[in-house]
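# Working through the structure, step by step
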Amino acid sequence: MSGDRSAVNDLAGRTAVVTGANKGIGFFTSAALAGAGAQVVLACRDVERTDAAARAIRARCARDGVRASVEVLQLDTSSLDSVAAAAKALVDRERIDLVVANAGVVHPPETRETTVDGNELVLGTNFLGHFALLARLMPTLRRSCGARLVSLGSMATRLSSFLLDDLQLERNYAPWRAYAQSKIAVESFGFELDRRMRAAELDATSVVAHPGYSISGRTPRVPGVNEPSRMTVFADSLQAPFTQGKDRGARSVLAAATHPDAVGGSYWGPRWRVKGAPVKQDPAWVCADPAVAKRLWEFAEQATGLRFEV
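I will try to describe carefully the structure that is included in this document. (Residues numbered from 1 in each chain as written. Predicted model: local features only at pLDDT ≥ 70, side-chain atom pairs only at ≥ 80, totals over all residues. Heavy atoms only, no water.)

## Considering the overall build of the protein chain
Note the cut-off: By the criteria applied, helices consist of DSSP H or I runs no shorter than four residues and strands consist of E runs no shorter than two, each listed in order from the N terminus. The globule rule used here is 2.2 Å times the number of residues to the 0.38 power, and the radius of gyration it is set against is calculated over C-alpha atoms. Type-normalised accessible area, obtained with a 1.4 Å probe on protein chains alone, sets the label of each residue: buried when under 20%, exposed when over 50%, and partly exposed for intermediate values. By the convention used here, residues are in contact when the closest approach between their heavy atoms is within 4.5 Å. Just so you know, the count uses Lys and Arg for positive and Asp and Glu for negative, and it drops His and the chain ends. Positions of charges follow a simple convention, taking NZ of Lys, CZ of Arg, CG of Asp or CD of Glu.
Of regular secondary structure, the protein chain possesses nine helices and 10 strands. For the protein chain, whose C-alpha radius of gyration is 18 Å, the value lies close to the compact-globule estimate of 19 Å for 310 residues. Expressed as a percentage of the 310 residues in the protein chain, the buried residues total 57%. Long-range pairs, those at least 24 residues apart, make up 73% of the contacts in the protein chain with a sequence separation of at least 6. One way to put it: in the protein chain the 38 positive side-chain charges average out to a point 5 Å from where the 33 negative ones average out.

## Focus on the nonpolar core
Spelled out, the test is: Grouping buried Ala, Val, Leu, Ile, Met, Phe, Trp, Tyr and Cys residues that are joined through side-chain atoms within 4.5 Å yields what is termed a nonpolar core.
Membership of the largest hydrophobic core comes to 49 residues, with the highest contact counts inside it found for Phe-127, Leu-141, Phe-162 and Phe-308. At the level of secondary structure, the elements contributing two or more residues to this core comprise β2 (39-44), α3 (80-90), α4 (121-142), β5 (147-152), α5 (175-199), β6 (204-209), α8 (285-288) and α9 (290-304). Considering each element in turn, this core owes the most residues, 11 residues, to α4. The residues contacting Phe-308, other than those within four sequence positions of it, are Phe-131, Leu-134, Ala-135, Met-138, Phe-189, Leu-193, Trp-297 and Glu-301. Within the second largest apolar cluster, 38 residues are counted, among which are Ala-16, Ala-38, Leu-152 and Ala-256.

## A few points about the pairing of strand β3 (residues 69-74)
We apply this condition: Two strands qualify as a pair provided that DSSP identifies no fewer than 2 bridges between them.
Relative to β3, β2 runs parallel, the two being bridged by six bridges. Pairing of Cys-44 across the sheet is with Gln-74, part of β3.

## Description of the sheet that holds strand β1 (residues 15-19)
Worth spelling out the cut-off: Axes here mean lines fitted to C-alpha atoms, for a helix over just the part in contact, with angles spanning 0 to 180 degrees between N-to-C directions.
The sheet built from eight strands is open, its strands ordered β3-β2-β1-β4-β5-β6-β9-β10 with mixed pairing. Of all the strands in the sheet, the pair left with one neighbour each is β3 and β10 (278-280). Strand-to-strand twist across the sheet, computed as the mean angle between neighbouring axes with direction ignored, equals 20°. Alignment of β1 against β2, held across five bridges, turns out to be parallel. Among the inter-strand pairings, Thr-15 is bridged to a residue of β2, identified as Gln-39. Lying over the sheet, helix α2 (residues 47-63) contacts β2 and β3, oriented at roughly 170° with respect to β3. Sheet strands in contact with helix α7 (residues 246-258) are β4 (98-101), β5, β6, β9 (267-270) and β10, and its direction is about 155° off that of β5.

## Comments concerning the side chain of Thr-115
Residue position: Thr-115 is located in the loop between β4 and α4. Take Thr-115: its relative accessible area is 8%, and that puts it in the buried class. Those residues in contact with Thr-115 that sit more than four places away from it in its chain are Ser-78, Glu-120, Leu-121 and Gly-124.

## Comments concerning a nonpolar patch on the surface
We apply this condition: Residues forming no salt bridge and having over 30% relative accessible area are the ones grouped into patches, like charges within 9 Å of each other and nonpolar side chains (Val, Leu, Ile, Met, Phe, Trp, Tyr) within 5 Å. For every accessible area listed, the method is Shrake-Rupley and the probe measures 1.4 Å; residues are considered covered only by the protein chains on display. The working definition used for a salt bridge is a side-chain nitrogen of Lys or Arg within 4 Å of a carboxyl oxygen of Asp or Glu.
On the surface, Met-231, Phe-234 and Leu-238 cluster together to form a nonpolar patch covering roughly 370 Å² of accessible area. Considering the arrangement of structural elements, one finds Phe-234 in helix α6 (residues 230-237).

## Comments concerning the side chain of Ser-30
Residue position: Ser-30 is located in helix α1 (residues 24-35). Residue class for Ser-30 comes out buried when judged on its relative accessible area of 0%. Contact partners of Ser-30, with chain neighbours within four places excluded, come to Val-18, Ala-21, Val-40, Leu-42 and Ile-57.

## Considering the environment of Ser-229
Here is the rule: Distance and chemistry together define a polar contact, namely a pair of N or O atoms within 3.5 Å, with one atom able to donate a hydrogen and the other to accept it when in protein, and with adjacent residues in sequence counting only for side-chain atoms on both sides.
Inspection of the secondary structure assignment puts Ser-229 in the loop between β7 (214-215) and α6. Through-space distance from the C-alpha of Ser-229 to that of Ala-156 is 26 Å; in sequence the pair is 73 residues apart. Of note is the side chain of Ser-229, whose polar atom sits 3.0 Å from the side chain of Thr-232.

## A word on the pairing of β9
In this structure, β6 lies alongside β9, joined through two bridges in parallel fashion. Residue pairing in the sheet places Ala-209 in a bridge with Trp-268 of β9. Relative to β10, β9 is paired through three bridges, and the arrangement is antiparallel. Its bridge partner being in β10, Gly-269 is matched across the sheet by Val-279.

## A short note on the pattern of salt bridges
The final tally for this structure, using the stated rule, is 11 salt bridges. The salt bridge involving Glu-192 is made with Arg-195; its shortest N-O contact spans 2.9 Å. Of this pair, Glu-192 and Arg-195 both sit in helix α5, separated by three residues, roughly a single helical turn. Among the residues examined, Glu-192 registers a relative accessible area of 8% and is labelled buried.

## Notes on α2
Put simply, the test is: Helices are assigned an expected span. That span is 1.5 Å times one less than the residue count.
The end-to-end C-alpha separation of α2 is 24 Å, in line with the 24 Å expected for 17 residues at 1.5 Å each. Among all positions of α2, only Thr-50, Ala-52, Ala-53, Ala-54, Ala-56, Ile-57 and Cys-61 are buried. Elements in contact with the buried residues of α2: α1, β2 and β3. Its side-chain oxygen at 3.1 Å from the backbone nitrogen of Glu-48, Asp-46 defines the N-terminal cap of α2. With its phi angle positive at about 75°, Gly-65 sits one or two positions after the end of α2.

Shown next as structure tokens:
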């Protein structure tokens, strides 16, 4: 395909689940998928905000002559009970063709906090919740030929070591480390999931993407979804040479989700790392290490109380 690798082909008859879809990368990803004809489940914590996002997606699609198929599902990835309830609502579907694991904490708290289940908040929300969701959805994904799972990584994976002996950061908490650690876990899991699905000879793939440095002030205004203050727009515009809007950050996710070149185990991000058209890239070495992934998988099973069988 020439041109923009994030261009989305016809997805009529496909079902996609996007977590954290009420704003940012998740919103623009969902809007593009719906515009291509997919039935999109917006799986988010705040139902009121998600309803606003669903209305915005329907309106955007209608302007393009498309009748969007969008539904709202409550999901809080920081709560394993909420994950279980959302999975129960999804698992009996005939098929799920795409899951975009996007929801997460972007701005960690200054001091360590825990989820309702006792896990470190950022790791629990960004990684463990999605691990539990996909573990519970595997029966549906196994019977959905060609299913694709996309995990949302980050450039932050290159900025920190991975403390395998302190994954809950009980001894070494810092906000930047919590975020980087969670995203290393997300990427490591995404690559390991693909290795395990290939070993099991499943007709499914796991792909990882990162959106570069995508910020609100450079993102198109969408009422009820993205409404940055004038000060935010001004401040973010000063960073224009090395940033992009979240609408453009979503292009790497869309490429990972739909592009024919996005084979299992591949890694997608903006061409210039912080911005640009989506291209295949190489992840940080720790994210691609199978030995690290094996220990992480065992930890996640213990932390969630779930056996993740592929």
